[in-house]
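For reference, the chains in residue letters:
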Amino acid sequence: MTVPPDSSSANQMWGGRFSAGPDAIMQAINASIGFDQRLYAQDIAGSRAHAAMLAAQGIISSKDADAIGEGLLAILSEIEAGKFPFTPELEDIHLNIEARLTERIGEAGKRLHTGRSRNDQVAVDFRLWTRDQCDQAIAGLTGLMRAFLAQAEAGADWVMPGFTHLQTAQPVTWGHHMLAYVEMLARDRSRFEDARRRMNECPLGAAALAGTSFPIDRHATAKALGFDRPTANSLDSVSDRDFALEFLAAASICAMHLSRFAEELVIWSSAQFRFVRLSDKWTTGSSIMPQKKNPDAAELLRAKLGRILGATVALFTVMKGLALTYSKDMQEDKEQVFDAADSLILGLAAMTGMVSDMTANREVLAAAAASGFSTATDLADWLVRALGLPFREAHHVTGTLVAMAEKQGCDLPDLTLPQMQSVHPGVTDEVFGVLGVENSVRSRISYGGTAPDQVRAQVARWKAALG
C-alpha cells in the first residue's frame, strides 16, 4: 500500500537545507501538481531519454537505466489507468513521478536526477507538450480548411452580397467568401508550423542554469525526443518561454478568425438574413420561446477568443519583468496555455462541424446580392470603358443614378434608358448587360477575384496543396 509522504518526505526531496515542513498555505500556493500532472507523458518520455543517455555515457549503470526505464513505463500505465497516487506534498509532476519511481525500484530511482534540474526538466516537458499542441492545431486547421473548400467548390457560382461596413457593396460568389477563410486559416497553420520549428530545440541538460559537470550527451537526448538540436545557451534554456508565447499568439490570431466567421454565422442564420441554415446539432432552443433556434455553438466560439487572448496577455505579464534565469513566477505559465490549447482545439473541431453541416440558402443569397444597388460599381466601370469617362466623373454619374433609383423605390436595372440618358446622354442599352449580378461576378476575372472560374482555380490549387 502506498503511503502519501509527510512533510519530512517533501523536505528530503528538497535536500538537507530545510529542517521544517512547509506551512499549509505555503504548500497550497507552491504546489502545481493540480495542473502540471497533464505533463506526465512528456515528463516520463524526457526521463527515459535522460536515463538512457546517462547509461550510454557511463554515468549510471545499464542495470540502473533499465530499471528506471521499466519503472517509468509502469508509472505511465498507473497514471493512464487512474491509479497513480498524486500528492501535493511533492509539489509537482516531476517529484511525484521521481518519488514513485524510487518507491518502486529503490536506490536506482535516486540516480535518475543526475545531471539535470527541475528547471530544465520542466522546460523540456513544457516544450514537448506545446509542440504536441502545435501538431493538433495544424491537423485541426487542415480539417477546417477542407470543410471550407468543400463549401467553396459546391458554391463556386452562387451569388451573394459582398459587404463593407456590413452594407451591401458588390456581388460576390459564395465560393469566394468561403475561400477567404481558407486563406486566413492557411496563415494560421503556417504560424503554428513556424512556431513549432522554432521551439524544436531541447533544453534538457541545461540543468539549473549553468549546465552540468557530468559528461552528458545533449545531442543524444535531443534526438531521442524528436528535437532538431539541443538549445545552445543554458541560461536561456531554463528561462525561455517564447515557445509558449508564440503558441498563444498564433492561437489568439486563429481564434480571432474563428470568431469572425462565428459572427457571420450568427448574423446569417438569423430570421432577418436567412443566408444559412444550421442543423439541430449546432443549435439550441429557448426555455420560453418555442420558435427559437439559437446558434449557441457559434456564439460560444466567439467568446473563446476572450479566454485565449486573456491567456496570452497573462503569460506576457508573467514574463515581462523576470531577470535571468528561472523564477517561481514561471510556474504560472502552464494553466493559461493548457486552457488556451483546450479552447482552440475544441473550437477548431466545433467550427469544422458547423461549416461541414451548414446549408446555404441559395435563393435568399441571390436575392440579397441583387439588392442595395450592388452593381453600381459595374455601372461606373462600364461608363469608363464604353464612354471613356474619367472614373471620378463616372462615379458622379453613377451616384446620381443611384439617387434617382432610390427616390423611385427601384434598383438600377429597373431604371429606363431615357431616365439614364437624362443624367448622361451617352448611355446606351448595352448598359443593362452589366447590371445583373451574374454578369457582375463573371466579370471579376482578375487573379484572386470572385469570378466562378477564378474560384474554381483557387479551389483546385488548395485541394492540391492539402493533398
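Residues numbered from 1 in each chain as written. Predicted model: local features only at pLDDT ≥ 70, side-chain atom pairs only at ≥ 80, totals over all residues. Heavy atoms only, no water.

1. Focus: the overall build of the protein
Stated formally: Secondary structure elements are defined from DSSP: runs of H or I of at least 4 residues count as helices, runs of E of at least 2 residues count as strands, and each element is numbered from the N terminus. As a reference, a globule follows 2.2 Å times the number of residues to the power 0.38, and the radius of gyration itself is taken over C-alpha atoms. For each residue, the accessible area found with a 1.4 Å probe, counting protein chains only, is set against the maximum for its type, and the residue is called buried under 20%, exposed over 50%, and partly exposed in between. Should any heavy atoms of two residues lie within 4.5 Å, those residues are considered in contact. Positive charges are assigned to Lys and Arg, negative charges to Asp and Glu, while His and the chain termini are left out of the count. For the purpose of locating charges, the reference atoms are NZ of Lys, CZ of Arg, CG of Asp and CD of Glu.
Within the protein one finds 19 helices and six strands. The globule rule puts the C-alpha radius of gyration for 467 residues at 23 Å, and the 31 Å found for the protein is more than 25% above it. A principal-axis box enclosing the C-alpha atoms of the protein has dimensions of 100 × 55 × 40 Å. Taken across its 467 residues, the protein has 49% of its residues classed as buried. Considering only contacts in the protein between residues 6 or more positions apart, those separated by 24 or more positions represent 73%. In the protein, which carries 45 positive and 55 negative side-chain charges, the distance between the mean positions of the two groups comes to 2 Å.

2. Examining a nonpolar patch on the surface
Stated formally: Patch definition: residues with relative accessible area over 30% and no salt bridge; like charges joined within 9 Å; nonpolar side chains (Val, Leu, Ile, Met, Phe, Trp, Tyr) joined within 5 Å. Surface accessibility follows the Shrake-Rupley procedure with a 1.4 Å probe radius. Residue values consider only the protein chains on display as shielding. Salt bridges are defined by distance alone: a side-chain nitrogen of Lys or Arg within 4 Å of a carboxyl oxygen of Asp or Glu.
On the surface, a cluster of nonpolar side chains totalling about 270 Å² of accessible area is made up of Leu-209, Leu-235 and Leu-324. Mapped onto the elements, Leu-324 comes out in the loop between α12 (296–319) and α13 (334–357). What makes Leu-324 exposed here is its relative accessible area of 64%.

3. Quick word on helix α16 (residues 391–408)
Selection rule: One fewer than the residue count of a helix, multiplied by 1.5 Å, yields its expected span. Our arc is simply the arc of the directions from the helix axis toward the C-beta atoms.
Helix length check: α16 (18 residues) gives 26 Å between terminal C-alpha atoms against 26 Å at 1.5 Å per residue, within 8%. By the burial criterion, the buried members of α16 are Ala-394, Val-397, Thr-398, Leu-401, Val-402, Met-404 and Ala-405. Angular distribution of buried residues about the axis of α16 spans 160°; they occupy a single face of the element. Among the exposed residues of α16, those oriented more than 90 degrees off its buried face are Arg-392, His-396, Glu-406 and Lys-407. Residues of α16 that are buried make contact with α15 (376–387) and α17 (417–421). A positive phi of about 70° marks Gly-409, the residue just after α16.

4. Section: the UniProt feature "domain: Argininosuccinate lyase C-terminal" (unreviewed entry) in the protein
To be explicit about the condition: UniProt positions are given in the numbering used here, feature names are shortened, and annotations may be inferred rather than shown by experiment.
UniProt feature "domain: Argininosuccinate lyase C-terminal" (unreviewed entry): in the numbering of this structure it lies at residues 373–441. Split by type, residues 373–441 is 58% helix and 0% strand. Its first and last C-alpha atoms lie 14 Å apart.

5. Some remarks on the packing of aromatic side chains
To keep things clear, this is the line we draw: Stacked, tilted and edge-to-face pairs are distinguished by plane angle, under 30 degrees for stacked and over 60 for edge-to-face with tilted covering the rest, among Phe, Tyr and Trp rings (Trp via its six-membered ring) whose centres lie within 6.5 Å. Geometrically, a lysine NZ or arginine CZ counts as sitting over a ring once it is within 6 Å of the ring centre and also within 35 degrees of the ring normal.
Under the definition given, this model contains 14 aromatic pairs. Grouped by ring-pair contacts, the aromatic residues Phe-148, Phe-163, Trp-174, Tyr-181, Phe-261, Trp-268, Phe-273 and Phe-275 constitute a single cluster. Between Arg-131 and the ring centre of Phe-227, over which it is positioned, the NZ or CZ distance is 4.8 Å.

6. A few points about the packing of α12 against α13
Stated formally: Convention adopted: a line fitted to C-alpha atoms gives each axis, helices being fitted over their contacting stretch, and angles between N-to-C directions are expressed from 0 to 180 degrees. Roughly parallel means an angle under 35 degrees; roughly antiparallel, over 145; roughly perpendicular, 65 to 115; everything else is oblique. The crossing is said to be left-handed when, going from far helix to near helix, the turn is anticlockwise and less than a right angle, and right-handed when the turn is clockwise. Under the scheme applied, nonpolar residues are Ala, Val, Leu, Ile, Met, Phe, Trp, Tyr, Cys and Pro; charged residues are Asp, Glu, Lys and Arg; polar residues are all the others, including Gly.
Between α12 and α13, the least distance of the axes is 9 Å, while the angle of their chain directions is 155°. Considering their axes alone, α12 and α13 lie roughly antiparallel with respect to each other. α12 and α13 meet at a crossing whose hand is left-handed. Here α12 contributes Ala-297, Ala-298, Leu-301, Lys-304, Arg-307, Ile-308, Ala-311, Ala-314 and Leu-315 to the contact with α13, which in turn contributes Gln-336, Val-337, Asp-339, Ala-340, Ser-343, Leu-344, Leu-346, Gly-347, Ala-350, Met-351 and Met-354. Looking at the contact of α12 with α13 residue by residue, the classes come out as 14 nonpolar, three polar and three charged.

7. Brief notes about the packing of helix α7 (residues 118–154) against helix α11 (residues 242–268)
At their nearest, the axes of α7 and α11 sit 10 Å apart, and the two run at 25° to each other. Relative to α11, the element α7 lies roughly parallel. In the crossing of α7 with α11, the sense of the turn from one axis to the other is left-handed. Every residue of α11 that contacts α7 at Ala-123, Phe-126, Arg-127, Thr-130, Gln-133, Cys-134, Leu-141, Leu-144 and Phe-148 is listed here: Phe-243, Ala-244, Phe-247, Cys-254, Leu-258 and Phe-261. In terms of residue class, the contact of α7 with α11 is made up of twelve nonpolar, two polar and one charged.

8. Some words on the side chain of Arg-241
Put simply, the test is: Nitrogen and oxygen atoms within 3.5 Å of one another constitute a polar contact, given that in protein one can donate a hydrogen and the other can accept it, and given that sequence-neighbouring residues count only through two side-chain atoms.
Of note, Arg-241 is situated in the loop between α10 (234–239) and α11. Arg-241 sits in the buried class, given a relative accessible area of 1%. Of the polar contacts made by the side chain of Arg-241, one reaches the side chain of Asp-333; its length is 2.6 Å. The residues contacting Arg-241, other than those within four sequence positions of it, are Val-122, Ala-123, Phe-126, Met-319, Tyr-326, Met-330 and Asp-333.

9. Comments concerning the nonpolar core
Where a protein is soluble and globular, its nonpolar side chains tend to be buried together. Applied cut-off: To form a nonpolar core, buried Ala, Val, Leu, Ile, Met, Phe, Trp, Tyr and Cys residues must be joined to one another through side-chain atoms within 4.5 Å.
Counting residues in hydrophobic clusters, the biggest one holds 96 residues, and the most contacted among them are Phe-148, Trp-174, Phe-192, Phe-261, Leu-265, Trp-268 and Met-351. When residues in this core are grouped by element, the largest group, 16 residues, is from α11. When near neighbours in sequence (up to four residues on either side) are disregarded, Phe-261 contacts Phe-148, Met-178, Tyr-181, Trp-268, Met-351, Val-355 and Met-358. Formed by 20 residues, the second largest nonpolar core is a distinct cluster that contains Leu-383, Leu-401, Val-402 and Val-434.

10. Comments concerning the confidence of the model for the protein
To keep things clear, this is the line we draw: Predictor confidence is given residue by residue as pLDDT, running from a minimum of 0 to a maximum of 100.
In this model, the protein carries an average pLDDT of 91, and 93% of its residues clear a pLDDT of 70 or more. Contacts for the low-pLDDT stretch residues 1–10, under 50 throughout, to residues beyond four places or in other chains number eleven contacts.

11. Side note on the environment of Gly-71
Within the secondary structure, Gly-71 is located in helix α5 (residues 62–80). On a C-alpha basis, the gap between Gly-71 and Arg-104 in space is 6.8 Å, while along the polypeptide they are 33 residues apart. Residues within four places of Gly-71 in sequence aside, it is in contact with Leu-101, Arg-104 and Ile-105.

12. Here we look at the side chain of Asn-119
Checked against the element boundaries, Asn-119 lands in helix α7. Of the residues examined, Asn-119 reaches a relative accessible area of 16% and is grouped as buried. Of the polar contacts made by the side chain of Asn-119, one reaches the backbone oxygen of Ala-208; its length is 3.0 Å. Setting aside residues up to four positions removed in sequence, Asn-119 forms contacts with Ala-207, Ala-208, Val-238 and Tyr-326.

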